[in-house]
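Take a look at the letters that make up each chain.
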Amino acid sequence: MKFEDVIGQKGVKSRLRQMLDEDRVPHAMLLCGEAGSGLLPLGVAMACELLRIGHQEDSLFGGGGTDANTEAMLDRLEHPDLHFTFPTVKAAGMGSEHQPVSDDYAREWHETLMQSPYFTTDQWMTAMGAANQQAIITGAESDELSRKLSLKSSQGGYKVSLIWLPERMNQTSANKLLKLLEEPPRQTVFILISEAPEQLLETIRSRTQRINVPPIATEDIEEALVSRRGLLEEDAHRVARVANGSWFRALAALDADNENRQFLDMFMMLMRLAYTRKIKELKQWSETVAGFGREKQRRMLVYFMGQVRENFMYNFHEPELNYFTKEEEDFARNFAKYINEENVVEIEELFERAYRDIGQNASAKIEFFDISLQMILLLRR
C-alpha cells in the first residue's frame, strides 16, 4: 500500500513523507482521529514506506533498489517485519486459560485488510464471528508482540509494529506496551492508530509523537466517490457533504439499507414515544435495543448524539450548518423545535453517560429504559 491509495489527507501525508525524507522517524507515533478519517490506511501506508527503506539505494541500511519480492510482500501485506496488533474476542473453541491474540485471527484480519483498509469496528467484529462481546487487546498479545520484536529483522531494515485501537488494551497489556515503548527493540517503529487517545495511559501518550488526522476534506471524498465508486458529480457532491469528513458515512449513505437508517428509525421511535409518554411501548423499545450487541449500541448512541446536535442547529434556519440526509431532515422539520437551549445539554450528557456505561458492561435494558424515562421529562422543557 502507498500514500496514493489513501483518500485525501494531503497535509498528514506530507508530514509523514517529510519524516521519511529527513530520516527523522520517531520510534513511536500516535495517529489520532475519528473513525472514517483514514487512520488505518495512513498507518499501513507509512509502515510500507518504512519497510521499503531497507531496499533503497540511499537507505540508512544500504542495499539496492526496491526489489520485486519486497514489493510483492508489501502489496499482499505479508512482509515478515510488519506486525499487526488489533482487538480480538475469545472464540467458543478456545480453552478457558487461553487469552486470544492477534495471531488467532491472522487470516480474518488479512482478508479484511486486503478487501479494503477502510473498515469499521463492526465489520471487524463480524469478520471474527463475534457475538455480544467487546473486543480487547490482551496481556498475552503484548507478550507475543515483545517476543516477535526481540527477533532480528528478517530483511535487514525496520521492524514495524502497527497497533490498531490501542485504547482497547486491558491494564496488563497497556503496562507491557509501555515497557516496550520505554525500551524499544533496535530498529523498531511503533505506529499506534487511535480513535480515542484520551483513553490511553498518559505515560503511553507521552512516549509517542502525536499526529492528529483531521476529517477528510469534502472535495476529496467527492473525488473518491466519482473515481472509486462511479458516482455522477452531482450525486457525489451531495453524499460527500452528508459524510462530513468520514469515508464510512459516505459509504453508508450509498447503502439504502444501511445501519444509520435503522438508527434513525430507533431515534424517531424513542422521541415520539417519549413525547406521548407511552411507558409500555418505551419498555419494549428498550428491550429491542438491548438485544443489539454492545458495539452496535454504542454506535447507535453516537448517532443519537449527532442527531441531537443537528436538530438543535436546525432551529437556526441556516441550511449550511446542517448535514442531514433527506429522511433525517424530514423528521427534523417537525421535531427540531423540541431540542432547545433548555434541554440540549442534558440530552447530550444523557447519551454520553449511557455510552460510557455500556462500555463498562452496564445492564443495557436498565440503561436504555432509564434513557426513555428521562427523555419524557426533557422533551417537555
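Note that the coordinates shown come from a computational prediction; the quantities given were computed from them, not determined experimentally.

1. What about the packing of aromatic side chains?
Counted according to the given criterion, the structure contains 20 aromatic pairs. Judged by centre distance (6.0 Å) and plane angle (50°), the rings of phenylalanine 263 and tyrosine 303 are tilted. Taken together, the positions of phenylalanine 263 in helix α12 (residues 259-275) and tyrosine 303 in helix α14 (residues 294-314) put the pair 40 residues apart, joining distant regions of the chain. Residue phenylalanine 263 is classed as buried on the basis of its relative accessible area of 1%. When the centroid spacing of 6.0 Å and the interplanar angle of 85° are considered together, the rings of phenylalanine 267 and phenylalanine 335 count as edge-to-face. In this pair, phenylalanine 267 sits in helix α12 while phenylalanine 335 sits in helix α15 (residues 326-335), placing the two residues 68 residues apart along the sequence.

2. Things to note about the sheet that holds strand β2 (residues 82-85)
The strand order across the open sheet formed by 5 strands is β2-β3-β4-β1-β5, and the pairing between neighbours is parallel. With one partner strand each, in any of the chains shown, β2 and β5 (209-212) form the two edges of the open sheet. Going across the sheet, the axis of each strand differs from the next one's by a mean of 20°, ignoring polarity. Pairing geometry for β2 and strand β3 (residues 159-164), over 4 bridges, is parallel. Bridge assignment links threonine 85 to a residue of β3, and that residue is isoleucine 163. Sheet strands in contact with helix α1 (residues 10-21) are β1 (28-32) and β5, and its direction is about 150° off that of β5. Packed onto the sheet, helix α6 (residues 139-150) meets β2, β3 and β4 (188-194) and runs at close to 175° relative to β2.

What counts and how
- Every chain is numbered on its own, with residues counted from 1 as its sequence reads.
- Totals for whole chains, interfaces and linings use all residues, but because this is a predicted model, local features are given only for residues with pLDDT of at least 70 and pairs of side-chain atoms are given and counted only at 80 or more.
- In computing side-chain values, all of the structure's heavy atoms are included and hydrogens and water are not.
- We call Phe, Tyr and Trp rings a pair once their centres come within 6.5 Å, taking the six-membered ring for Trp, and we label the pair stacked below 30 degrees between planes, edge-to-face above 60, and tilted otherwise.
- To qualify as a helix, a DSSP run of H or I must reach at least 4 residues; to qualify as a strand, a run of E must reach at least 2; elements of each kind are numbered from the N terminus.
- Only protein chains enter the accessibility calculation, which uses a 1.4 Å probe; a residue whose area is less than 20% of its type maximum is buried, one above 50% is exposed, and one in between is partly exposed.
- Between any two strands, pairing holds if DSSP finds at least two bridges.
- An axis is simply a line fitted to the C-alpha atoms; with a helix, the fit covers only the stretch in contact. Between two such axes, the angle follows the N-to-C directions and lies from 0 to 180 degrees.
- Here, two residues are considered to be in contact whenever any of their heavy atoms come within 4.5 Å of each other.

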